[in-house]
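These are the residues of each chain, in order.
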Amino acid sequence: MKPAEPTLTVGVLGSGSWATVVATLLAHNQNPVRLWSRSDRRCQHINTQHSNPDYMPNCTLSPLITAHTSLATVVDRADLLVYALPAKHYAHVCTITNRAAPWLILSKGLTDEPDRLLSAYLSRLGAPDVAVLSGPNLADEIAQKQPAASVIASTNSGLATRLQQQLSTPWFRPYTATDCIGVEIGGVFKNVLAIAAGLCDALHLGQNAKAALLTRGLNEMRVLVTHMGGHTATVYGLSGIGDLIATCQSKNSRNWQYGYALGTQTSTTHLHTVEGLRTTQCLYAYAHQENLSLPLLYEIHGVLLESKSPQAALQCLFDRPLIHE
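The shown structure was predicted, so the numbers you read here are calculated from the model rather than taken from an experiment.

1. Considerations on the sheet that holds strand E5 (residues 103-105)
In step 1: On the basis of which strands lie adjacent, the open sheet formed by 8 strands has the order E3-E2-E1-E4-E5-E6-E7-E8 and mixed pairing. The open sheet has two edge strands, strand E3 (65-68) and strand E8 (172-177), and neither has a second partner. Neighbouring strand axes in the sheet, compared pairwise and without regard to direction, differ in orientation by 25° on average.
In step 2: Here E5 runs beside strand E6 (residues 130-134); their pairing, made up of 3 bridges, is parallel.

2. Digging into the pattern of salt bridges
In step 1: A full pass over the atoms with the stated rule returns 10 salt bridges.
In step 2: Close ionic contact of Lys-108 with Asp-243 constitutes a salt bridge, the shortest N to O distance being 2.8 Å. Residue Lys-108 is found in the loop between E5 and helix H4 (118-124), and its partner Asp-243 is found in helix H10 (residues 238-249); the two are separated by 135 residues along the sequence.
In step 3: We note a salt bridge from Asp-201 to Lys-210, for which the minimum N-O separation is 2.8 Å.
In step 4: Judged by relative accessible area, Asp-201 falls into the buried class, the value being 19%.
In step 5: Each member of the salt-bridge network shares a partner with another, and the members are Arg-41, Arg-42 and Asp-54.

3. Regarding the pairing of strand E2 (residues 33-36)
In step 1: The alternating pattern of E2 places Val-33 and Leu-35 and Arg-34 and Trp-36 on opposite faces, both of which are buried.
In step 2: Summarising the sheet, strand E1 (residues 10-13) and E2 pair through 4 bridges and their orientation is parallel. Each residue of the ladder has a partner; that of Val-12, found in E2, is Leu-35.
In step 3: For the crossover from E1 across helix H1 (residues 17-28) to E2, the handedness is right-handed.
In step 4: Relative to E3, E2 runs parallel, the two sharing 4 bridges. Across the sheet, the residue bridging to Val-33 is Ile-65, located in E3.

4. Quick look at a nonpolar patch on the surface
In step 1: A cluster of nonpolar side chains, Leu-205, Leu-314 and Phe-318, forms an exposed patch at the surface whose accessible area comes to about 300 Å².
In step 2: Of note, Leu-314 is situated in helix H14 (residues 310-318).
In step 3: Under the relative-accessibility criterion, Leu-314 is labelled partly exposed at 35%.

5. Topic: the packing of helix H13 (residues 295-305) against H14
In step 1: The interhelical angle for the contact between H13 and H14, taken along N-to-C directions, is 160°, at an axis separation of 9 Å. Considering the angle they form, H13 stands roughly antiparallel to H14. For the pair H13 and H14, the sense of crossing is right-handed. Where H13 approaches H14, its residues Pro-295, Leu-296, Glu-299 and Val-303 are matched on the opposing element by Pro-310, Ala-313, Cys-316 and Leu-317.
In step 2: For the contact of H13 with H14, the per-class residue count stands at 7 nonpolar, no polar and 1 charged.

6. Quick look at the environment of His-68
In step 1: Turning to its location among the elements, His-68 is positioned in strand E3.
In step 2: The exposure class assigned to His-68 is partly exposed, which follows from its relative accessible area of 22%.
In step 3: Considering only alpha carbons, one finds His-68 and Arg-42, 26 residues apart in sequence, at a separation of 9.2 Å.
In step 4: When sequence neighbours within four positions are dropped, the list of residues in contact with His-68 reads Arg-34, Leu-35, Trp-36, Ser-37, Cys-43, Thr-73 and Val-74.

7. Quick look at the side chain of Ser-107
In step 1: Counting through the fold element by element, Ser-107 comes out in the loop between E5 and H4.
In step 2: By relative accessible area, Ser-107 is classed as buried at 8%.
In step 3: A polar side-chain atom of Ser-107 sits 3.3 Å from the main-chain carbonyl oxygen of Leu-85.
In step 4: One polar contact links the side chain of Ser-107 to the main-chain amide nitrogen of Ala-87, over a distance of 3.5 Å.
In step 5: Discounting chain neighbours no more than four positions away, the residues touching Ser-107 are Tyr-83, Leu-85, Pro-86, Ala-87, Leu-118 and Glu-275.

8. Let's talk about the side chain of Thr-169
In step 1: Position of Thr-169 relative to the elements: it lies in the loop between helix H6 (157-167) and E8.
In step 2: Note on Thr-169: relative accessible area 10%, which makes it buried.
In step 3: Among all residues touching Thr-169, those that are not within four sequence positions of it are Leu-25, His-28 and Asn-29.

9. Digging into unusual backbone geometry
In step 1: Look at Arg-77: it is not a glycine, yet its phi comes out positive at around 60°.
In step 2: Looking at where Arg-77 falls in the secondary structure, it is placed in the loop between helix H3 (71-75) and strand E4 (80-83).
In step 3: Note on Arg-77: relative accessible area 68%, which makes it exposed.
In step 4: Positive phi outside glycine occurs at Lys-145, with the angle close to 65°.
In step 5: Relative to the assigned elements, Lys-145 resides in the loop between helix H5 (139-143) and strand E7 (148-154).
In step 6: Judged by relative accessible area, Lys-145 falls into the exposed class, the value being 52%.

10. A few points about the nonpolar core
In step 1: Residues Trp-18, Leu-104, Leu-133, Leu-167 and Phe-172 are the most contacted members of the largest nonpolar core, which totals 37 residues.
In step 2: Here this core takes 8 residues from H1, the largest share from any one element.
In step 3: Sequence-distant contacts of Phe-172, defined by excluding residues within four places in its chain, comprise Trp-18, Leu-25, Leu-133, Asn-137, Ile-142, Ala-148, Ser-150 and Leu-167.
In step 4: If you look at the next biggest cluster of nonpolar residues, it comprises 36 residues, including Leu-214, Cys-248, Cys-282 and Leu-292.

Reading guide: rules and limits
Residues numbered from 1 in each chain as written. Predicted model: local features only at pLDDT ≥ 70, side-chain atom pairs only at ≥ 80, totals over all residues. Heavy atoms only, no water. Pairing = 2+ DSSP bridges. Helix = DSSP H or I, 4+ residues; strand = E, 2+ residues; numbered from the N terminus. Axes fitted to C-alpha atoms, helices over the stretch in contact; angles between N-to-C directions. Salt bridge = Lys/Arg side-chain N within 4 Å of Asp/Glu carboxyl O. Buried < 20%, exposed > 50% of the residue type's maximum accessible area, 1.4 Å probe, protein only. Right-handed = clockwise from strand over helix to strand, strands pointing away. Patch = residues over 30% accessible without salt bridge, like charges linked within 9 Å, V, L, I, M, F, W, Y side chains within 5 Å. Areas by Shrake-Rupley, 256 points an atom, 1.4 Å probe, with all protein chains shown as cover. Parallel < 35°, antiparallel > 145°, perpendicular 65-115°, else oblique. Left-handed = near helix turned anticlockwise from the far one by under 90°. Contact = heavy atoms within 4.5 Å. Nonpolar A, V, L, I, M, F, W, Y, C, P; charged D, E, K, R; others polar. Polar contact = N/O pair within 3.5 Å; in protein donor to acceptor, adjacent residues only side chain to side chain. Core = buried A, V, L, I, M, F, W, Y, C linked by side-chain atoms within 4.5 Å.

Geometry only, nothing functional implied.
In structure tokens form, the structure reads like this:
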């Protein structure tokens, strides 16, 4: 049995699927959690019915989890702040006056700032410490208490260890790490590849093609991680290859669903935030600026944002000069 830890009062920016599930993990360890949502209806339902009607309707929430439309109420005197909004809403953190609390990042996306990484952006704004949680973590499965593992990365090992204790449950096993860059890039780039994987499945390109996509995609993830200052070893861990496998193989992944819908020419309006779309655009601009060789990323960008046909993109990949692996 793990030793008892002092509880944390936690303020969470967001009330989506992953925010709700992480709140249940924290509440399991007796931490009071306040979720921020703009929806009065959702807040009332969470506070009175103890479930999230829009994202996790079948998951019973602890009374320790409350929801509020006031951001100030959520973050005031919090011991830990959690960023669980889509990455494009990062500017909300500028309005927060609580500058003493550390941050835990759940979002798997990039900012439009020169920092690009949310961890770097929060640090520049004066956050005392920042941690990143990422791994093969499909929210629905964890809500059902199916076994899962993840990584909490922070340059402050004490913070990572404390969060590890507070998030650990009999069905959720977090590991600690120090490579925030590698963990964060693994989480964002796998969404790009998951869209391509859904498209690959929709077009019935076969398992050989999908295996090649994931393997070569993992190599491009390594190029990005190391170029940005992360470590190769992180790419081959839970937040790299682990998250890549889960997100590209699961039909519950929104990014996979988006790619599949694109390939079958069906509607995507039912999907919540698909981070891979915006991430593709952000990473494409960065890769061009840095003159990086990332052929998969470039062709995925062509399909998603330049009206290139998947068949033409595939042909471009096969027409490239033959090289050593």
